[in-house]
Every structure is written in C-alpha cells, then in structure tokens.
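# A closer look at the structure
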Amino acid sequence: MPEPTQLSQQDEALRRAQLDDKTRAGLRYIAVKLADRSRRPHALLDERARLAIALTAAEYVCGGLSPEAEAVERALLLRLPHVDRPITRGEYALIVNRAAWSAR
C-alpha cells in the first residue's frame, strides 16, 4: 500500500507535465529577456548570469519563490548549457530559444 503522502501515478504524471510546461515557459522567458535590446544583448554572458537568470525565470513562471520554483529552476539549469566560452546574451538567447522549442 502506498504511503498516504505519496502521489498516485496520475498525480505524479500531472505534476511532471506541469513542470515541463513551466520549464518551457521559463526557457522562452529567458530567451526573450536575453535578446531584449534594452537589456544589452551584445554584452557578454557568464556562468553567474546563467544561474541568476534561471532563478529569475523560475520565480517568474511560478509566481514567486516556492518549492515548485526550486524544481523549475533545477529543470531549467539542466536544459541551459553551461557558459564555457565568451558568448553574448543575444547568442545565448538563440541557443535557449532552440532548447525551448525542442523541449516538447
């Protein structure tokens, strides 16, 4: 017999689907923000900025800091490539946009 606090299979599947939807929304949010002309798309992006934008996007799509936002942040960080070379915010936005559309 499952624990009373365990989610049923249907509830777990729904939770994962909602997490995937919010992750895609977070990726699209990141791509738009990085490509925005008023936010210096020509400036270089570093690893710290990647971590910060993931947290910001997770809070945005979840409506604030919560356990759900932490799960979305972790999912975003898995999908966002590490910054291991000099890259502009605009170039990174293109990579993230591609990830958002392939995450279906």
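Everything below is about the structure shown above.
One structure accompanies this document, and this report is about it.

Once that is clear, we can look at the pattern of salt bridges. Applying the stated rule across the entire model yields four salt bridges. Among the ionic pairs, Asp-46 bridges to Arg-48, the shortest N-O distance being 3.4 Å. Taking relative accessible area as the criterion, Asp-46 reaches 32% and is therefore assigned partly exposed. Assessed through its relative accessible area of 66%, Arg-48 is described here as exposed.

Examined against the element boundaries, Glu-73 turns out to sit in helix H3 (residues 67-79). Look at Glu-73: it is buried, it has no salt bridge, and the nearest opposite charge is Arg-74 at 6.6 Å. When near neighbours in sequence (up to four residues on either side) are disregarded, Glu-73 contacts Leu-51, Ala-54, Leu-55 and Ala-58.

To continue, consider the nonpolar core. Counting 22 residues, the largest nonpolar core has Ile-30, Leu-76, Leu-80, Tyr-92 and Val-96 as the members making the most contacts within it. Of all elements in the fold, only helix H1 (9-35), helix H2 (47-62), H3 and helix H4 (89-102) reach the threshold of two or more residues within this core. In terms of residue count, the dominant contributor to this core is H2 (six residues). Not counting residues within four places of it along the chain, the set of residues in contact with Leu-80 comprises Leu-27, Ile-30, Arg-50, Ala-54, Tyr-92 and Val-96.

H3 packs onto H2 with a crossing angle of 135° between their chain directions and a minimal axis gap of 8 Å. Judged by the inter-axis angle, H2 sits oblique to H3. Taken as a pair, H2 and H3 cross one another with a handedness that is right-handed. Packed against H2, whose contacting residues are Arg-50, Leu-51, Ala-54, Leu-55, Ala-57, Ala-58, Glu-59, Val-61 and Cys-62, the element H3 presents Glu-68, Ala-69, Val-72, Glu-73, Leu-76 and Leu-77 at the interface.

About the cut-offs
- Residues numbered from 1 in each chain as written.
- Predicted model: local features only at pLDDT ≥ 70, side-chain atom pairs only at ≥ 80, totals over all residues.
- Heavy atoms only, no water.
- Salt bridge = Lys/Arg side-chain N within 4 Å of Asp/Glu carboxyl O.
- Buried < 20%, exposed > 50% of the residue type's maximum accessible area, 1.4 Å probe, protein only.
- Helix = DSSP H or I, 4+ residues; strand = E, 2+ residues; numbered from the N terminus.
- Lys, Arg positive; Asp, Glu negative; His and termini not counted.
- Contact = heavy atoms within 4.5 Å.
- Core = buried A, V, L, I, M, F, W, Y, C linked by side-chain atoms within 4.5 Å.
- Axes fitted to C-alpha atoms, helices over the stretch in contact; angles between N-to-C directions.
- Parallel < 35°, antiparallel > 145°, perpendicular 65-115°, else oblique.
- Left-handed = near helix turned anticlockwise from the far one by under 90°.

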